[in-house]
Amino acid sequence: MSLTGLSQEKVSIRPDKFIDPANMDKSFSPGDDFYNYASGNWLKNNPVPAKETRWGSFNQLRDFNAEAVKSILEDVSSRKGLQSGSAEQRVGDFFASAMDTVTIEKLGSTPIQADLKRIDQIKDTKGLVSEMAYLRTQGLASALYGFSVGQDRKNVTENVVNLSQGGTTLPDRDYYLVDNKRNEQIKAAYEKYVETLFTLSGIKPAQAKAYFGIVWEMESILAKAQWSRVEMRDPYRTYNKFSLAQLEKKTPNLHWATTFGDLGIDAPDSVLVNNPDFMAAASELLSTKSLQDWKVYLKWNLLKNASGSLSTPFVDASFAFNQVLTGQKVMTPRWQRTFSTIDRNIGDLLGQLYVAKYFKPEAKERMVQLVKNLSDTFEERIKTLDWMSDETKQRALEKLHAFTPKIGYPDKWKDYEGLVINRNDYFGNLRRASQWSYQYMIAQLGKPVDKTRWGMTPPTVNAYYSPVNNEIAFPAGILQFPFFDFDADDAVNYGGIGAVIGHEMTHGFDDQGRQYGADGNLKDWWTKEDADKFKALADKVVEQYNAYTVLDTVHVNGKLTLGENLADLGGLAMAYAAFKKTPQGQSNELIDGFTPDQRFFLSWAQVWRMNTLPETAAQLILTDPHAPSTARTLGPLVNMDAWYQAFDIKPGDKLYKPESERIRIW
Ligand SMILES: [Zn+2]
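### Details of the overall build of the protein
Consideration 1: Each helix and strand in the protein was counted, giving 27 helices and eleven strands.
Consideration 2: C-alpha extents for the protein along the principal axes are approximately 75 × 65 × 50 Å.
Consideration 3: Considering only residue pairs separated by 6 or more positions, the protein has 75% of its internal contacts joining residues 24 or more positions apart.
Consideration 4: As displayed, the protein has an accessible area near 28000 Å², and 50% of this comes from carbon and sulfur atoms.
Consideration 5: Of the side-chain charges in the protein, 78 are positive and 83 negative, and the distance between the mean point of each set is 3 Å.

Right, dumping it as C-alpha cells:
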C-alpha cells in the first residue's frame, strides 16, 4: 500500500535477484543441511506472522494475491449502479455484507435461532434424520455422515451418490482415541468451545457443560468407527457399491426411503460408500442415544458451522479454539477471511474479475509450452525405464498422452444463475450461496460429467491432478514468482513451476494415481510383475520419509505422504531432465555466482522454504498427506545424481546416500 492512498500496486513479490544469495546461510554445508544452506537466512528473517500458522513461498504469494483481490473487492463494493445480478454486483455486495459489522453484531445469534428451535421440536429418529438432510441442503451442517454427488470412479462418465465417514469436529480421529498431553489440552479447549457457543446461543452455562459430555461421547464413538487416513487412501477398499435394499439393511435407522427425498433427489438404484463400517455405526448410534442427546449433537453441528459468520463473541470463541490447535497468535483480518469466504462460495464470479485484471494471456502460452516439454520428457523417461515391461510402458504412455492440461482459469464460468446476493444480509448470502451450490451438485445426477469444471479457483496458489478426469490444472494464482516469472532464467522456472508440473503429472503414476487408466476409470492396467516392482520401489520411498522427523522426535508418516512424495521425486527428476534440454541447461554460465544446475536446485529449495508454528506442525503430521517442508526439499534431492554433482556432495556428508540406494522410479 502506498502512503498517499493512491493506487500503486506491486506487480509481484519478486526480489531483485531470482536466487538471492542473501537468503542462504553458507555457514551450513550443502551436503550436511541443504535446507538451511539454501534458505537459512530467509528462515531466520521471516518468522511466521502473527496472523498466520506457517510462512513460506506459498503463503507469501497467497498473501500477495489476497491483496490483489482486495483492491477488486473494495472497488466493486463501492461502485454505485451496478447491474443487478452481474458478477461485480454480487461480489461487491457479498463483500459489503461481510464487512457490515454493525448489522452482524446487532443480529448476534438471530440468523440461526429459527434453526435451533426447529431442532428442539424434533419428535423422533425419523425427524432427526430428516433434519440432518435439511441442514445439508442448506449448507448449514454436514452432520453424522457425508453426502455428495460425484463421479463414479469405476465409470467416470457418470455421477453417483457418495456417502462418506465423518460426523466429528477435531481434525483427526486420533484426537479422540489417543491419550497424551497434547490431546488433553485440545480436548480442554474443545470443551470450552462447546460450552461457550451453547451459552452464547442462550443455554445456561451448567447445561452447556453437560452438553459437551454428550458431544464428546458421540463423536468419540464415530471416531472409533472411522478408518485412518492411510486406510482411506486405498481406492478399492473405499469403493463399496450398495443397492438401495442393501443400504437400507445395513443402515436401517437412516431411513433412506424418505431421506433421499429430503436430500432433494430420487432414490438412486445404488450408492457408493467409502466406509460401510462407519455408516453401520452411525445408524446404530441413532438407536442407542436418546433423542435429547441427538438434538444436542445437531445443534452443535449447526453452531460450530455458523460461528465464524455470526457476531464477535461467536467468532472469538471459534478462533480461541483454533488457536490451541494451530498456535496462531491473532485472527486473520476480516477482509482477508471474507476474501476466502467469497472465493469458496462464488469463486467463479470472483475469478472472472481476478483473471480480467491480473492474468496475462502470455503466461498461458508459456505454460502450454512448459507442460509440453515436461510431457515429452516424461515420455522419453518412461521409454527408458529398466524396471517396467514394454506392455505396461505402452499403457503408461497412453495414459500420459490422454492428460488434459488446464491452465489459468476455466473456459466456461459457473454463472450462479438465480443466486441473489444482498448488501445487507451476510448470513442470508452465505445460506443462499450454499443452497445454490447444493442444488447445482445434485442437478449433476443423471447428467453427463462436465469436464470443463475446475477443482480450484483462479487466485489459488496451488495445482492439482484429478485421477478420474486424468487432468492436471494450474490456477492463475500460482503462475507467478517464485514458481514462474517471464524474466527469470530457465533454471528458476524449471526448478519452480517445472517441478510443480512434473509433480502433478507424476500423480497420475503415484501409488494411487497409477491405479486409474487413461480414461480415468479405476482399473488395473499393470502386469503383475511390474506392479510388484513398483510397490517395492514405493516401499523404499515410505522408508526414506519415515526416517524424517519434525519437532525433534515426531516421525513423518511415510505411508500417509507416499503419493505426494512420489510426485515430488518424479516431478523434480522430470523437471531437471526437461531443463537440461534448454540452452541454459546445456551451458555453464554463472548467474550471481551459481551454475545453471545449482540455480535449478536452489529454486526448488526456495519454493519449499517455510517456517511453521509447532502446534500446526503437530497437527499437520497427523492430517496432511504432504510431508513437512524440510522433508519435501531434501527427499527428492538425495535421490538425484545431478544434485550431488552440482554441489560436490561426497561420502561422509550427512545427506549423502550411496548411489546404489538412490531411488529412481519415473
Ligand atoms: Zn500433490
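### What about the domain arrangement of the protein?
Consideration 1: Along its sequence, the protein is carved into domain 1 (51-108 + 311-358 + 414-440), domain 2 (112-308) and domain 3 (361-410 + 454-661).
Consideration 2: Taking only C-alpha atoms into account, the centre of domain 2 sits 36 Å from that of domain 3.
Consideration 3: Here domain 2 is connected to domain 3 by one salt bridge.
Consideration 4: Among the salt bridges present, the one from Arg 233 reaches Asp 511, with a minimum N-O distance of 2.9 Å.
Consideration 5: Linking domain 2 to domain 3 there are eight residue pairs in polar contact (both at pLDDT 80 or more).

### Re the nonpolar core
Within soluble globular proteins, side chains that are nonpolar tend to cluster in buried spots.
Consideration 1: By size, the foremost hydrophobic cluster in this structure holds 126 residues, and its most contacted members are Phe 34, Phe 474, Phe 483, Ile 497, Phe 601, Trp 643 and Trp 666.
Consideration 2: By residue number, the principal contributor to this core is helix H22 (residues 562-579), which donates nine residues.
Consideration 3: Shared between two domains, this core takes at least three residues from each, and those domains are domain 1 (51-108 + 311-358 + 414-440) and domain 3 (361-410 + 454-661).
Consideration 4: Setting aside its immediate chain neighbours within four residues, Ile 497 contacts Met 367, Leu 370, Ile 478, Leu 479, Phe 483 and Phe 484.
Consideration 5: Counting 70 residues, the second largest nonpolar core, distinct from the first, contains Leu 128, Leu 222, Trp 256 and Phe 427.

### Comments concerning the sheet that holds strand E5 (residues 270-273)
Consideration 1: Strand order in the open sheet formed by four strands is E2-E3-E5-E4, with mixed pairing between adjacent strands. Pairing within the sheet leaves two strands with one partner each, and these edge strands are strand E2 (146-152) and strand E4 (240-243). Averaged over all pairs of adjacent strands, the angle between their axes in this sheet comes to 40°, without regard to strand direction.
Consideration 2: Note: strand E3 (residues 155-164) against E5, two bridges, orientation parallel. Note on E5: the bridge partner recorded for Leu 163 is Val 273.
Consideration 3: In the packing of helix H12 (residues 276-288) onto the sheet, the strands contacted are E3, E4 and E5, and the crossing angle to E3 comes to about 40°.

### A closer look at the coordination of the zinc ion
Consideration 1: Taken together, His 503 (NE2), His 507 (NE2) and Glu 564 (OE) make up the protein donors of the zinc ion, found 2.0 to 2.1 Å from the metal.
Consideration 2: The class for Glu 564 is buried, based on a relative accessible area of 13%.

### Some details on the packing of aromatic side chains
Consideration 1: Applying the stated criterion across every chain yields a total of 50 aromatic pairs.
Consideration 2: The interplanar angle of 55° and the centroid separation of 5.1 Å between the aromatic rings of Phe 509 and Trp 666 together place this pair among those described as tilted. In this pair, Phe 509 sits in the loop between helix H20 (490-507) and helix H21 (528-546) while Trp 666 sits in the segment after helix H27 (641-646), placing the two residues 157 residues apart along the sequence.
Consideration 3: The rings of Tyr 176, Tyr 190, Tyr 193, Phe 198, Tyr 211, Phe 212, Trp 216, Trp 300 and Phe 321 are connected pair by pair, giving a single aromatic cluster.
Consideration 4: Lying over the aromatic face of Tyr 440, Lys 414 brings its terminal NZ or CZ to 4.7 Å of the ring centre.
Consideration 5: Above the face of the Trp 526 ring, Arg 514 is positioned so that its terminal group lies 4.6 Å from the ring centre.

### A closer look at the pairing of strand E8 (residues 471-475)
Moving residue by residue along a regular strand, the side chains alternate between the two faces of the sheet.
Consideration 1: Within E8, five of the five residues are buried, leaving the element largely enclosed by the surrounding structure.
Consideration 2: Bridge analysis of strand E6 (residues 404-408) against E8 gives five bridges, and the strand direction is parallel. If you follow Pro 405 over to E8, its bridge partner there is Ile 472.
Consideration 3: Examined bridge by bridge, strand E7 (residues 464-466) and E8 share three bridges and lie antiparallel to one another.

### Details of the environment of Asn 470
Consideration 1: In this fold, Asn 470 is placed in the loop between E7 and E8.
Consideration 2: Excluding its chain neighbours within four sequence positions, the residues that come into contact with Asn 470 are Lys 399, Ala 402, Phe 403, Thr 404, Tyr 465 and Ala 518.
Consideration 3: Reaching out from Asn 470, the side chain makes a polar contact with the backbone oxygen of Lys 399 at a distance of 3.2 Å.

### What about the pattern of salt bridges?
Consideration 1: The tally for this structure, following the rule as stated, stands at 38 salt bridges.
Consideration 2: With its nearest N and O atoms 2.5 Å apart, the salt bridge here joins Lys 51 to Glu 52.
Consideration 3: Classification of Lys 51 as buried rests on a relative accessible area of 18%.
Consideration 4: Relative accessible area serves as the criterion here: at 6%, Glu 52 is assigned to the buried category.
Consideration 5: Across the pair Lys 650 and Asp 648 runs a salt bridge whose closest N-O atoms are separated by 2.4 Å.
Consideration 6: When salt bridges that share partners are traced, they join Lys 51, Glu 52, Arg 62 and Asp 63 into one network.

### A look at helix H3 (residues 87-99)
Along an α-helix, residues three or four positions apart point the same way, because every turn accommodates 3.6 residues.
Consideration 1: Over its 13 residues, H3 runs 18 Å from end to end, which matches the ideal 18 Å to within 8%, given 1.5 Å per residue.
Consideration 2: Of all 13 residues in H3, eleven are buried; the element is thus mostly enclosed.
Consideration 3: Those residues of H3 hidden inside the fold are in contact with helix H2 (57-78), helix H4 (101-107), helix H15 (334-345), helix H16 (347-358) and helix H19 (426-443).

### Here's the deal with H21
Consideration 1: In this model, H21 (19 residues) spans 27 Å end to end at C-alpha, consistent with the 27 Å of a helix rising 1.5 Å per residue.
Consideration 2: Listing the buried residues of H21 in full gives Asp 530, Ala 531, Phe 534, Leu 537, Ala 538, Val 541, Val 542, Gln 544 and Tyr 545. Down the axis, H21 shows its buried residues gathered within 160° of arc, on one side only. Exposed and oriented more than 90 degrees from the buried face of H21 are Lys 528, Glu 529 and Glu 543.
Consideration 3: The inward-facing, buried residues of H21 abut helix H18 (390-401), H22 and helix H26 (629-637).

About the criteria used
- Residues numbered from 1 in each chain as written.
- Predicted model: local features only at pLDDT ≥ 70, side-chain atom pairs only at ≥ 80, totals over all residues.
- Heavy atoms only, no water.
- Helix = DSSP H or I, 4+ residues; strand = E, 2+ residues; numbered from the N terminus.
- Contact = heavy atoms within 4.5 Å.
- Areas by Shrake-Rupley, 256 points an atom, 1.4 Å probe, with all protein chains shown as cover.
- Lys, Arg positive; Asp, Glu negative; His and termini not counted.
- Charge placed at Lys NZ, Arg CZ, Asp CG, Glu CD.
- Domains from an automatic or database assignment.
- Salt bridge = Lys/Arg side-chain N within 4 Å of Asp/Glu carboxyl O.
- Polar contact = N/O pair within 3.5 Å; in protein donor to acceptor, adjacent residues only side chain to side chain.
- Core = buried A, V, L, I, M, F, W, Y, C linked by side-chain atoms within 4.5 Å.
- Buried < 20%, exposed > 50% of the residue type's maximum accessible area, 1.4 Å probe, protein only.
- Pairing = 2+ DSSP bridges.
- Axes fitted to C-alpha atoms, helices over the stretch in contact; angles between N-to-C directions.
- Donors = N, O, S within 2.8 Å, 3.2 Å for Na, K, Ca; no water.
- Phe/Tyr/Trp six-rings, centres within 6.5 Å; stacked < 30°, edge-to-face > 60°.
- Lys NZ or Arg CZ within 6 Å of the ring centre and 35° of its normal.
- Expected span 1.5 Å × (residues − 1).
- Arc of directions from axis to C-beta.

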